[in-house]
Amino acid sequence: MNLYEINSQIENFEFKIDEETGEVLNMNELNELKMSKDEKIENIALWIKNLKSDEKALDDEIKTLQARKKSKKSKIDNLSSYLESVLNGSKFDKTRVSISFRKSSSVVIDDEKGFIDVFSETDMVSQTVKMSINKKAVKEYLKDNISAYAHIEEKQNIQIK
């Protein structure tokens, strides 16, 4: 989309740019275009204004698409939850769709402070200490032990094909 009429010599000019430095290598060719200095400056400024409006239009389109994506994701989550509650883990199979469930498990930490001493990882980054719970180790521990600090939560994940 062009807001302004730009001289075709300016609009079709191919800039040669050094990939490492970003420097324009063919500025002499731009200077040699047969037009007045004022016309050249005006057309380049108008070209910049056109490019800025294109950039804004693209940003707006990205925001619109992200909002649509978020809406679709929410619908998927709500409809999947509905199917999970209706089917309650049972398979459903028709010619156009097949629904099954896959079991998975995840660690739920009920009391972080209770586990920090046993299951933690430490990262030293410029005198900052970051403590985190090693959930893989916790899961292995919970397979053989009962804990008041954490438990394994079993889940049914819906699979629609």
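Details of the structure are given in the entry above.
Residues numbered from 1 in each chain as written. Predicted model: local features only at pLDDT ≥ 70, side-chain atom pairs only at ≥ 80, totals over all residues. Heavy atoms only, no water.

Peer 1: Would you mind showing me how to read unusual backbone geometry here?
Peer 2: Most peptide bonds take the trans configuration, and most residues that are not glycine carry a negative phi. The phi angle at Asn88 is positive, at roughly 50°, despite the residue not being glycine. By relative accessible area, Asn88 is classed as exposed at 67%. (Buried < 20%, exposed > 50% of the residue type's maximum accessible area, 1.4 Å probe, protein only.)

Peer 1: For this particular structure, what's the right way to read helix α3 (residues 37–87)?
Peer 2: With 51 residues, α3 ought to run about 75 Å at 1.5 Å a step, and its terminal C-alpha atoms sit 74 Å apart, in line with that. Residues of α3 that are buried in the fold lie against α1 (8–11), α2 (27–31), β1 (92–93), β2 (98–109) and β5 (150–160). Two residues or fewer past α3, Asn88 is found with a positive phi of approximately 50°. (Helix = DSSP H or I, 4+ residues; strand = E, 2+ residues; numbered from the N terminus. Expected span 1.5 Å × (residues − 1). Contact = heavy atoms within 4.5 Å.)

Peer 1: Would you explain the sheet that holds β1 in this entry?
Peer 2: Neighbouring strands of a sheet are bound in pairs by backbone hydrogen bonds; such pairs are parallel or else antiparallel. Taking strand neighbours across the sheet as the criterion, the 3 strands line up as β1-β2-β5 in an open arrangement whose pairing is antiparallel. Each end of this open sheet is capped by a strand with a single partner; those strands are β1 and β5. Pairing of β1 with β2, which is carried by 2 bridges, proceeds in the antiparallel orientation. By the bridge assignment, Asp93 is partnered in β2 with Ser98. Here α3 sits on the sheet and contacts β1, β2 and β5; the angle it forms with β5, its principal contact strand, is near 100°. Sheet strands in contact with helix α5 (residues 135–144) are β2 and β5, and its direction is about 95° off that of β2. (Pairing = 2+ DSSP bridges. Axes fitted to C-alpha atoms, helices over the stretch in contact; angles between N-to-C directions.)

Peer 1: In this structure, what is going on with the pattern of salt bridges? I would like to understand it.
Peer 2: Taken as a whole, this structure holds 3 salt bridges when the rule is applied. The partner of Lys56 in a salt bridge is Asp60, and the shortest N-O contact between them spans 3.0 Å. Taken together, the positions of Lys56 and Asp60, both in helix α3 and 4 residues apart, correspond to about one turn of that helix. Residue classification places Asp60 among the partly exposed residues on the basis of a relative accessible area of 34%. One salt bridge in this structure joins Lys143 and Glu140, with 3.3 Å as the shortest N-O distance. Here the residue Lys143 and the residue Glu140 both occupy positions in helix α5, the gap between them amounting to 3 residues, near one helical turn. The class for Lys143 is exposed, based on a relative accessible area of 53%. (Salt bridge = Lys/Arg side-chain N within 4 Å of Asp/Glu carboxyl O.)

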